[in-house]
Amino acid sequence: MTAMSLFKALGLAGGGGTLFSWAPKLQDAAFLIPREDHSNSVTIDVADEHIGLIVGRGGRNIMDINQASGSRIKISNRGDFMSGTSDRKVTITGSQRAIRQAESMIMQKVASASASASASER
């Protein structure tokens, strides 16, 4: 048995003169690699006046949250509020862990701003 006939028997040799066709086999094996599902998303509401804290100067804060949590955050456009409120929609997409972490980081930023505002009113 030649090497080529062995590869063909194993399904590793592609047609049309290609000696090896690994890509299809790697795609078939992709289910074996543990990977978190990134198709989850959660939408939370954040007061319009706090959106700047989440975004940060030049988008720095939102980029940091995205990178630290592994999530993707999308904020609704100005004037696009949660129904019946003046709160903006903040949609967090990623694994469940990434969503929890990003939501926690966002809430910490909002809480610290709220605490600062309350302290300055005294």
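The coordinates are above.
Because the structure is predicted, anything quoted here is derived from the model rather than measured. (Residues numbered from 1 in each chain as written. Predicted model: local features only at pLDDT ≥ 70, side-chain atom pairs only at ≥ 80, totals over all residues. Heavy atoms only, no water.)

1. Description of the overall build of the protein chain
Step number 1: When its secondary structure is counted, the protein chain shows five helices and three strands.
Step number 2: Going from N to C terminus, the protein chain has its helices and strands arranged as α-α-β-α-α-β-β-α.
Step number 3: Counting all 122 residues of the protein chain, 25% fall into the buried class.
Step number 4: At a minimum sequence separation of 6, the contacts of the protein chain that also span at least 24 residues come to 54%.
Step number 5: Per element, the accessible surface of the protein chain, about 8,400 Å² overall, is 54% carbon and sulfur. (Helix = DSSP H or I, 4+ residues; strand = E, 2+ residues; numbered from the N terminus. Buried < 20%, exposed > 50% of the residue type's maximum accessible area, 1.4 Å probe, protein only. Contact = heavy atoms within 4.5 Å. Areas by Shrake-Rupley, 256 points an atom, 1.4 Å probe, with all protein chains shown as cover.)

2. Notes on the pattern of salt bridges
One side chain can pair with another of opposite charge once the charged atoms of both are near each other.
Step number 1: Under the defined criterion, the tally for this structure stands at three salt bridges.
Step number 2: The partner of arginine 88 in a salt bridge is aspartate 48, and the shortest N-O contact between them spans 2.7 Å. Here arginine 88, found in strand S3 (residues 87-94), pairs with aspartate 48, found in the loop between strand S1 (40-47) and helix H3 (51-55); they are 40 residues apart in sequence, far enough to count as distant.
Step number 3: With relative accessibility at 32%, the residue aspartate 48 sits in the partly exposed group.
Step number 4: In this structure, lysine 89 and aspartate 80 form a salt bridge, with 3.2 Å as the shortest nitrogen-oxygen distance.
Step number 5: Take aspartate 80: its relative accessible area is 31%, and that puts it in the partly exposed class. (Salt bridge = Lys/Arg side-chain N within 4 Å of Asp/Glu carboxyl O.)

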